[in-house]
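# Inside the fold
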Amino acid sequence: MADAEDRKGGDRKTTEVVYDGAAATPMANDLAAASGTGMAAPGENMTKSPSNVPSPEADGLGCHGGQAEMRAAAEKAGQSEILERYAVDYPKGPHDQPQSMCPAFGSLRVGLRMRRTATVLSGSACCVYGLSFVSHFYGARRTVGYVPFDSETLVTGKLFEDIREAVHKLADPEKYDAVIVTNLCVPTASGVPLRLLPKEINGVRIIGIDVPGFGVPTHAEAKDVLSGAMLRYARTEAELGPVQAPRGGPSQKPTVTLLGEMFPADPVGLGMMLEPLGLAAGPVVPTREWRELYAALDCAAVAALHPFYTASIREFQEAGRPIVGSAPVGHDGTAAWLDAIGEACGIARDCVDQTKNRFLPMIKGALANAPIKGRVTLSGYEGSELLVARLLLESGANVPYVGTACPKTPYSAADCEWLEARGVHVEYRASLEKDIAAVEEFRPDLAIGTTPVVQKAKEMAIPGLYFTNLISARPLFGVAGAGSLAQVVNAAIGNKARFDEMREFFDGVGHGDTAGLWEGVPADHSDFRRKELARAEKARKAADPKRVAESVV
Ligand code: SF4
């Protein structure tokens, strides 16, 4: 799919690797392209769009500026309905906003991984810079489109006109099946009405979504925002008439759609377990191609392997598909999952029992051959934390705590119950503070977690493993999943002596304010910091939201 485009910059020739032709499309604010397009050039008067009367209070705010102000601005701008839906789909509490990356990264990544799909962001330049940086850091090799704004285009409604124009220019059916436009925090709070974009241009579907940090708590759930929006669109298309078949043709057997991103070998392993039931593994949602959405909807059942895809599940339920929660992890998880799939798909009891008799001894054997000895705390924001904890426990580890940034949903209820029955403390919507407190309380032999949790553990001379990079990048399900964690976990636990040695070596070099090299004894300035924090907090409380918003516009 990759095209190479040579560009000359002075006398230096550079090559930009691009995935598709999106970069060559002039955006609505492209000054060179602006002439003759009806766009306002700098200094020209911009007309106020009757369709967009945004709230100027949001301009200049961001995730640094206070969620309450953003939310108040969004409600004022007529976004209450979408915020209410997000509040139901992605419930907060006990902790309101898990500390993770900008949520929009989740939906951006889903769009960037789809074939023949263009993605366009609308938001503050700093947010778009961060999001495009992270997506390219993770190897997107795709163009991230951007429609910038300033106070004037935001206030007059010209931003919406710019987005509409950009979408019209991008919608080339030769190149794209879909164009996805995402409102980030400020355009969402300002009420930029993506719902008024045309639903389709020249056969290219236009999907507009709002992914504000003050409405969608985690990047995991933002994947669901986009997946749900695409499934809804595809479901409507399928209801209206014939749709494109999957690339390899329709499946000869009833399929089980796999909901949640997973290690590439996992769908293969799941397919092997479904085969004796007379079933086949269907597409993985989020899909890699638009036409897979139809195949995903055309299933016998949906396996909600990741439990937080609430909007997507709603679409499957609208299509009349049964949903099966939990996942085939370890012995007990696989046994329960095969039962549930058999029941959902109307498979004869005998057949299910035979399948269990075939796979469960293999899983038991794999777990026994790869034991894990030690106490492990676990936390993450991927949505698979409870499943990994189950696998660790069945491998022999002692797991006193598992924290997930994702919310409690019915689709992880069986995992939560199984874990709690074995004395594990399960914390939904876990905060960083909770995760770190667990490490301090349980003093594990290994802390699996997010970057700051692992950093804290290592400071305490406790070995740590990053959940996203090292645990999520392994098979989890069925026979391949059983025993797949032992090598990396045992190797990390075995490193304890090295951590002790390092701690001893660096003992006395200082910590926090006293870290580093000093000519004299470092002064303790923590009092000053405390006073400044107290002063800032007092000022924040004294200011009403409106004044805070105005002060940053
Ligand atoms: S879009 Fe993301 S980075 Fe930007 S203000 Fe919102 S949460 Fe923060």
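Rules used throughout
Residues numbered from 1 in each chain as written. Predicted model: local features only at pLDDT ≥ 70, side-chain atom pairs only at ≥ 80, totals over all residues. Helix = DSSP H or I, 4+ residues; strand = E, 2+ residues; numbered from the N terminus. Expected span 1.5 Å × (residues − 1). Buried ≥ 20, exposed ≤ 12 C-beta atoms within 10 Å, placed from the backbone. Pairing = 2+ DSSP bridges. Contact = placed C-beta atoms within 7 Å. Axes fitted to C-alpha atoms, helices over the stretch in contact; angles between N-to-C directions.

Moving on, we come to helix α7 (residues 158–170). Spacing of three or four residues puts side chains on the same side of an α-helix, whose turn is 3.6 residues. End to end, α7 covers 18 Å across 13 residues, agreeing with the expected 18 Å (1.5 Å per residue, within 8%). Among the 13 residues in α7, eleven count as buried, and that is most of the element. Looking at α7, one finds that the buried residues are K158, L159, F160, E161, D162, I163, R164, E165, A166, V167 and L170.

What follows concerns unusual backbone geometry. Omega for the bond connecting V285 with P286 falls within 30 degrees of zero, at 5°, which places this linkage in the cis form. Note on placement: P286 falls in the loop between β9 (280–285) and α11 (290–297). A positive phi angle is found at R116, which is not glycine, with a value near 45°. R116 sits in the partly exposed class, given 16 other C-beta atoms within 10 Å.

Turning our eyes to something else, we now look at the sheet that holds strand β10 (residues 301–304). Within the open sheet, the four strands sit side by side as β9-β8-β10-β11. Their pairing is parallel. The outermost strands of the open sheet, each flanked by one partner alone, are β9 and β11 (323–324). Inspection of the sheet shows β10 paired to β11 by two bridges, in the parallel sense. Residue pairing in the sheet places A303 in a bridge with V324 of β11. In the packing of helix α10 (residues 266–274) onto the sheet, contacts are made with β8 (255–259) and β9, and the angle to β9 comes to roughly 150°.

Moving on, we come to the sheet that holds strand β15 (residues 446–449). Taken together, the five strands give an open sheet; going across it, the order is β14-β13-β12-β15-β16, and neighbouring strands pair in parallel fashion. Bordering the open sheet on either side are β14 (425–427) and β16 (464–466), each of which pairs with just one other strand. Within the sheet, the average angular offset between the axes of one strand and its neighbour, ignoring direction, is 15°. Here strand β13 (residues 398–404) pairs with β14 via three bridges, running parallel. Note that in β14 the partner of V402 across the bridge is V426. Against the sheet, helix α15 (residues 385–394) contacts β12 (375–380), β13 and β14, and its axis sits at roughly 175° relative to β13.

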